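Secondary and tertiary structure notes
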Number of protein chains: 2
Amino acid sequence: MKIIEPTLLLDKKKCLQNIMNMSEKCRRNNLIFRPHFKTHQSKEIGEWFRGFGVDKITVSSLNMALYFAEDGWDDITVAFPVNYLEIDKINDLASRINLNLLVESPLVLYNLKKGLKFKVNIFIKIDIGYHRTGINPGDDKTINKILEEIEISDFFRFKGFLGHAGHSYKARSKNEIERIHFDSKDQMSELKNLYKQKYPNLIISVGDTPTCSLMEDFRDIDEIRPGNFVFYDYMQSMIGSCTSDQIAVVMACPVVAKHPEREEIIIYGGGVHFSKDFFLFEDGTISYGSLVDLHEDGWDIPFNSKQVIIKSLSQEHGVIQAGKEVFSRINIGDVIGVLPIHSCLTSNLMKSYLTLNNERISRL
Amino acid sequence: MKIIEPTLLLDKKKCLQNIMNMSEKCRRNNLIFRPHFKTHQSKEIGEWFRGFGVDKITVSSLNMALYFAEDGWDDITVAFPVNYLEIDKINDLASRINLNLLVESPLVLYNLKKGLKFKVNIFIKIDIGYHRTGINPGDDKTINKILEEIEISDFFRFKGFLGHAGHSYKARSKNEIERIHFDSKDQMSELKNLYKQKYPNLIISVGDTPTCSLMEDFRDIDEIRPGNFVFYDYMQSMIGSCTSDQIAVVMACPVVAKHPEREEIIIYGGGVHFSKDFFLFEDGTISYGSLVDLHEDGWDIPFNSKQVIIKSLSQEHGVIQAGKEVFSRINIGDVIGVLPIHSCLTSNLMKSYLTLNNERISRL
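The structure presented is a predicted model; accordingly, all values stated were derived computationally and were not measured. Along each chain, residues carry numbers from 1 onward, in the same order as the chain's sequence is written. Lettering for chains starts from A, numbering for ligands starts from 1, and both go in the order in which the items are written. Under the rules for a predicted model, residues below a pLDDT of 70 receive no local features and side-chain atom pairs below 80 are neither given nor counted, while totals for whole chains, interfaces and linings still include all residues. Neither water nor hydrogens contribute to the side-chain values; these are computed over all heavy atoms in the structure.

1. Some points on the nonpolar core
Condition: To qualify as a nonpolar core, a set must consist of buried Ala, Val, Leu, Ile, Met, Phe, Trp, Tyr and Cys residues joined through side-chain atoms within 4.5 Å. Three exposure classes are used, based on accessible area relative to the maximum for each residue type with a 1.4 Å probe and protein chains only: buried under 20%, partly exposed in between, and exposed over 50%. We call two residues contacting when some pair of their heavy atoms lies within 4.5 Å.
A:Phe161 and B:Phe161 are the most contacted members of the largest nonpolar core, which has 242 residues in total. Those residues in contact with A:Phe161 that sit more than four places away from it in its chain are A:Phe123, A:Ile124, A:Ile126, A:Ile143, A:Met188, A:Leu191, A:Tyr195, A:Leu202, A:Ile203, A:Ile204 and A:Ser205.

2. Some words on the relation of the copies chain B and chain A
Both copies of the chain are related by a screw-like operation: a rotation about an axis and a shift along it. Put simply, the rule reads: Here the copies are matched by least squares. The fit uses the C-alpha atoms of residues with pLDDT of at least 70 in both.
Its rotation angle being 180°, the transformation that places chain B on chain A also includes 0.0 Å of axial translation and leaves an RMSD of 0.0 Å. One copy is carried onto the other by what is essentially a two-fold rotation axis. Across chain B, the smallest distance between a C-alpha and the rotation axis is recorded for B:Lys276, namely 2.6 Å. A share of 100% of the interface residues of chain B reappears at the interface of chain A, consistent with the copies meeting face to face through the same patch.

3. A word on the packing of aromatic side chains
Under the convention used in this document: A pair of Phe, Tyr and Trp rings is counted when the ring centres sit within 6.5 Å of each other, with Trp represented by its six-membered ring. The angle between the planes then sorts it: under 30 degrees is stacked, over 60 is edge-to-face, the rest tilted. Per the convention used, a helix needs a DSSP run of H or I reaching at least four residues, while a strand needs a run of E reaching at least two, with both numbered from the N terminus. By definition, being over a ring means that NZ of Lys or CZ of Arg is both within 6 Å of the ring centre and within 35 degrees of the ring normal.
One pass over the full model with this rule turns up 31 aromatic pairs over all chains. Where B:Phe37 meets B:Phe49, the ring centres are 4.9 Å apart and the plane angle is 50°; that geometry is what we call tilted. One end of the pair, B:Phe37, is in the loop between strand 2 (32–33) and helix 2 (43–50); the other, B:Phe49, is in helix 2, with 12 residues separating them in the sequence. Taking NZ or CZ as reference, A:Arg50 lies 4.0 Å from the ring centre of A:Trp73, over its face.

4. Examining the environment of A:Ser290
Residue and element names in this part refer to chain A. Note on placement: Ser-290 falls in strand 14 (residues 289–292). C-alpha of Ser-290 to C-alpha of Ile-146: the two residues are 144 residues apart in sequence and 46 Å apart in space. Once residues lying within four places of it in the same chain are set aside, the contact partners of Ser-290 are Tyr-234, Pro-302, Phe-303, Ser-305, Ile-310, Gly-337, Val-338 and Leu-339.

5. Examining the interface of chain B and chain A
The condition that has to hold: The term buried area denotes the loss of accessible surface (1.4 Å probe radius) that occurs when two parts are joined, taken as the sum for both partners. Salt bridge, as used here, is a side-chain nitrogen of Lys or Arg placed within 4 Å of a carboxyl oxygen of Asp or Glu. Between N or O atoms, a polar contact is any pair within 3.5 Å; within protein, one atom must be a potential hydrogen donor and the other a potential acceptor, and residues adjacent in sequence are included only when both atoms are from side chains.
In this complex, chain B contributes 55 residues to the contact, which on the side of chain A involves 55 residues. For the pair chain B and chain A, the summed buried area comes to about 4300 Å², and 58% of that belongs to carbon and sulfur atoms. Counting every contact that joins chain B to chain A gives 6 salt bridges. The closest approach of N and O atoms between B:Lys89 and A:Glu5, which form a salt bridge, is 3.1 Å. Between the two partners, chain B and chain A, sit 23 residue pairs in polar contact (both at pLDDT 80 or more). Where the side of chain B that touches chain A is concerned, the elements lending two or more residues are helix 3 (62–69), strand 4 (75–81), helix 5 (106–115), strand 10 (249–259), strand 11 (264–268), helix 10 (271–274), strand 18 (317–321) and helix 12 (343–350) of chain B.

Okay, structure coming up:
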């Protein structure tokens, strides 16, 4: 494997292990496993999930749904408030797969109905505390209006309630994640109890990577939809969702300059490779990733992340504040590894993966 | 023009005007105009520059140089510390164009020499205050060592000194930009005076968008390399490099949800469309762009950027804190405009432009 420019390396073994862990957790807890494919966006990695019996998936756009539908995935949830301007894509998908859409307003259903030519399943999006989108779980009035809209149309089938505890990404301890998990679960349980008599098949769907990775109690939950766990990343290891050893992707970056007076190393690898997401330490320091040594079979554990900091990223440059010891042993022309802060955004920019066996894996 | 998903609109008129303004400034000041093409990365937009007599360009990677060399550009500066792991690309380019490389260490020249098969021009990269890369302008010892390395090889030709005052992007007033400009200029003038007797054809090359947009005194400067000015963006308008009316790109985003209790609007448009760069106001507020109304022929002036804030971006969602008035008149299904914070990163993610005449313009 000869690397000459920024390259996103994928350790397939770690990735398969991550998929297996989550898949077994679902089996143990009798959960439907509907992984979010927005992180990898790769038909080939989708195949690895099929190997664990996965046949239902989540995506974050209709374009992504079309990409995976082409590959035979026929039960797809688009976990984004339905954008009815894309009605042609919705009809295209609904004509050939089980398409599950998220709705949080009666008006959207009303508009959707006007253009629909095929049946779709509707999840009602509930705000379980993240406060990005969704209906307040106590807002019976809106929920009931949506259910009425669903019932008067032959094109809609009510599938259940769906929530996303995205605020777990801001947690910094297992306790915090536990609190968020039980809080979400309680709200969803209450809804389930309220509506299960009328809709005995309704599904409760939740699932962010931190809670799905760390929690074991999923009573009243029917389905989980984590995505990031397939690779994990530096952010998830800092939250505590994974160990740094479980992170399955690393950016390999050539070293192009060194500045002894500042103990700074310049790598070929910037905002167009990593994205600009960063980790904020409690003391206000920010870092755009975590340095690791690369070797033939993969990479080692990260350097101390308070001593070696990816200090800034411009379009193509990354600046590493290395400290004396690391500075002295890394040379221009070396290729070093950086665990990305946010693997979803990094892989979205890199557009392909290189496995440790030198296989190129493509993606959307 | 029917927009159904996040789309990067380009106002060709404004873009041509931006190119013309900079091109005329170069003519007035007798400067070589070597625009940085990393912002647009489009052969078609490159043609527009040719219309103004431009025949020398700057890029930020060898891959970008290869893309433009294919289109007949034959004098290209790669404004990035040379990465000699990419020696095959360097030889490929050097065999057919005038290739200008940046060097800041004798070691790199030494390694480069071992693999070179064709002549290249060498700029010595000077740190004029940004402290990202480059040699301290007072470091005669390193500069002279590099010049020695250049002289003993037939493959190298010394082209001049190159600097990038990237710290001007952190400026928030014309005064600050002026200070940075004169400071850079003074350092470069001194170098020119020191070396011009021995190298009468040496070139002084500088050029970030803020100083090139606002300054008029370029004495002792021979060449400028601004890039962002082709589109400008919200950040540049806040720095003062341009008026908001000069910004030539806007993201068109469908509105997919509204939350009256928080006066928040959810758009289809997130980190995978805009990038995660943000503007930090003095009071600590951050915003990921500035809202504008779209109409048939373009877009209006931005809403008050302290009252209407793009509060957060996740992968596909954008959250707008709209305030009462704006909230009440924007509806689900509308398509609204957002001036991007950083047009280089946004266009890198969007991968194409749609002009107001409905022409699709591709890019690398």
